[in-house]
Amino acid sequence: MNLDDENLFRDAMGDVTPLKDCANTQWLRSPSTKAPRPTQANDEQENFLTRGFLDIIPLTTPLEYKTEGIQQGVLDKLRLGKYSLDASLNLLRQPVETCRKSLFSFMLQARKQGLRNLLIIHGKGRDDEAHANIVRSYLARWLTQFDEVQSFCVAQPQHGGAGALYVSLRKTDQARLDNRERHAKRSR
């Protein structure tokens, strides 16, 4: 049977699906070459981020959060932009439901890759009812629903100022173990 190159190509690519639009996610650190740590939840985990009624946070109120046990100095360094950013997510001018889905998948991917410091760009609104402020208010609620988030605060002007958030994630168990082993070798 004599097939030309085009037919061979079509036969080989018959079950291939196009990649999802990844224009809103920018990975600043190259993916780890280590095998990913197995997680209890599968990749198709249910999106647990809440929808519905929202208390809108006034524009004059800066977003800031830290979990119990996080020192104030860690939040201060985060606020000053002293941690290098591993990845960023752009949520500008997107519907709230799209922002919800994008944030959920972004956070799952960040956890898989062991990223620590993220930048989430939500935009600035002119008044409290502006779309950007609604997304900002939802972000304040959603980020606290992730166990991995240890703190977040308003970004520095060069990263978006009041229109963006720095998010700090907890170390993975593997990162803690690596850190412990690295420091244990020095003390010998």
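Fair warning: this is a prediction, and the values are worked out from it, not measured in the lab.

Rules of the game
- Residues numbered from 1 in each chain as written.
- Predicted model: local features only at pLDDT ≥ 70, side-chain atom pairs only at ≥ 80, totals over all residues.
- Heavy atoms only, no water.
- Helix = DSSP H or I, 4+ residues; strand = E, 2+ residues; numbered from the N terminus.
- Buried < 20%, exposed > 50% of the residue type's maximum accessible area, 1.4 Å probe, protein only.
- Contact = heavy atoms within 4.5 Å.
- Pairing = 2+ DSSP bridges.
- Right-handed = clockwise from strand over helix to strand, strands pointing away.
- Salt bridge = Lys/Arg side-chain N within 4 Å of Asp/Glu carboxyl O.
- Expected span 1.5 Å × (residues − 1).
- Polar contact = N/O pair within 3.5 Å; in protein donor to acceptor, adjacent residues only side chain to side chain.
- Axes fitted to C-alpha atoms, helices over the stretch in contact; angles between N-to-C directions.
- Left-handed = near helix turned anticlockwise from the far one by under 90°.
- Phe/Tyr/Trp six-rings, centres within 6.5 Å; stacked < 30°, edge-to-face > 60°.
- Core = buried A, V, L, I, M, F, W, Y, C linked by side-chain atoms within 4.5 Å.

> So what about the overall build of the protein chain? Which residues, and what values?
On a plain count of helices and strands, the protein chain comes out with five helices and six strands. Going from the N terminus to the C terminus, the protein chain shows its helices and strands as α-β-β-α-β-α-β-α-β-β-α. When the 188 residues of the protein chain are sorted by exposure, 33% land in the buried category. Partitioning the intrachain contacts of the protein chain with sequence separation of at least 6 by distance along the chain shows that 74% fall at a separation of at least 24.

> So what's going on with the pairing of strand β3 (residues 87-90)? Which residues, and what values?
Where β3 meets strand β4 (residues 117-121), four bridges bridge the pair, whose relative direction is parallel. Residue pairing in the sheet places Leu-89 in a bridge with Ile-120 of β4. At this point the chain moves from β3, through helix α3 (residues 96-113), to the parallel β4, and the crossover so formed is right-handed.

> Describe the pairing of strand β6 (residues 164-169), naming the residues involved and giving the relevant values.
Along a regular strand, successive side chains alternate from one face of the sheet to the other. Of all the six residues making up β6, six are buried; the element is thus mostly covered by neighbouring parts of the structure. Here β6 shows a buried face lined by Ala-164, Tyr-166 and Ser-168 and a second buried face lined by Leu-165, Val-167 and Leu-169.

> Just give me the short version of the pattern of salt bridges, but keep the residues and values in it.
If you walk through the whole model with that rule in mind, you get seven salt bridges. Here Arg-79 and Glu-64 are joined by a salt bridge, their closest N and O atoms 3.0 Å apart. Residue Arg-79 is found in helix α2 (residues 72-79), and its partner Glu-64 is found in strand β2 (residues 64-66); the two are separated by 15 residues along the sequence. Accessibility expressed as a relative area gives 43% for Glu-64, which makes it partly exposed. Connected via shared salt-bridge partners are Arg-51, Glu-97 and Arg-100.

> Go over helix α4 (residues 131-143) with me, naming the residues and quoting the values.
The end-to-end C-alpha distance of α4 is 18 Å, a good match for the 18 Å that 13 residues give at a rise of 1.5 Å each. Burial within α4 is extensive, with ten of its 13 residues counted as buried. Looking at the buried residues of α4, the elements they touch are α3, β4, β5 (149-154) and β6.

> Describe in detail the side chain of Asn-179, supporting the description with residues and values.
With respect to the element layout, Asn-179 can be found in helix α5 (residues 173-186). Side chain to side chain, Asn-179 and Arg-182 meet in a polar contact 2.8 Å long. Within polar-contact distance, the side chain of Asn-179 engages the side chain of His-183 at 3.0 Å.

> Let's hear about the packing of α3 against α4: which residues, and what values?
Across the interface, α3 lies against α4 with an axial gap of 11 Å and an inter-helix angle of 35°. Considering how the two elements wind past one another, α3 and α4 form a crossing that is right-handed. For the pair formed by α3 and α4, the contact residues are Val-96, Cys-99, Arg-100, Leu-103 and Met-107 on the first element and His-131, Ile-134, Val-135, Tyr-138, Leu-139, Trp-142 and Leu-143 on the second.

> Quick rundown of the packing of aromatic side chains? Include the residues and the values.
Tallied over the full model, the rule gives five aromatic pairs. With 5.3 Å between their ring centres and 25° between their planes, Tyr-65 and Phe-152 make a pair best called stacked. One end of the pair, Tyr-65, is in strand β2; the other, Phe-152, is in strand β5, and 87 residues separate them in sequence. Members of the aromatic cluster, joined through ring pairs, are Phe-48, Phe-104 and Phe-146.

> Explain the nonpolar core to me, and be specific about the residues and the numbers.
Core analysis: the biggest nonpolar cluster contains 29 residues, and Leu-103, Met-107, Leu-118, Leu-143 and Val-167 have the highest contact counts within it. Broken down by secondary-structure element, the contributors of at least two residues to this core are β3, α3, β4, α4, β5 and β6. It is α3 that contributes the most residues to this core, seven residues altogether. Once residues within four sequence positions are removed from consideration, Leu-103 is found in contact with Leu-49, Leu-89, Ile-120, Leu-139, Trp-142, Leu-143 and Phe-146. Grouped together as the second largest cluster of nonpolar side chains are eight residues, Leu-75, Leu-78, Ala-155 and Tyr-166 included.

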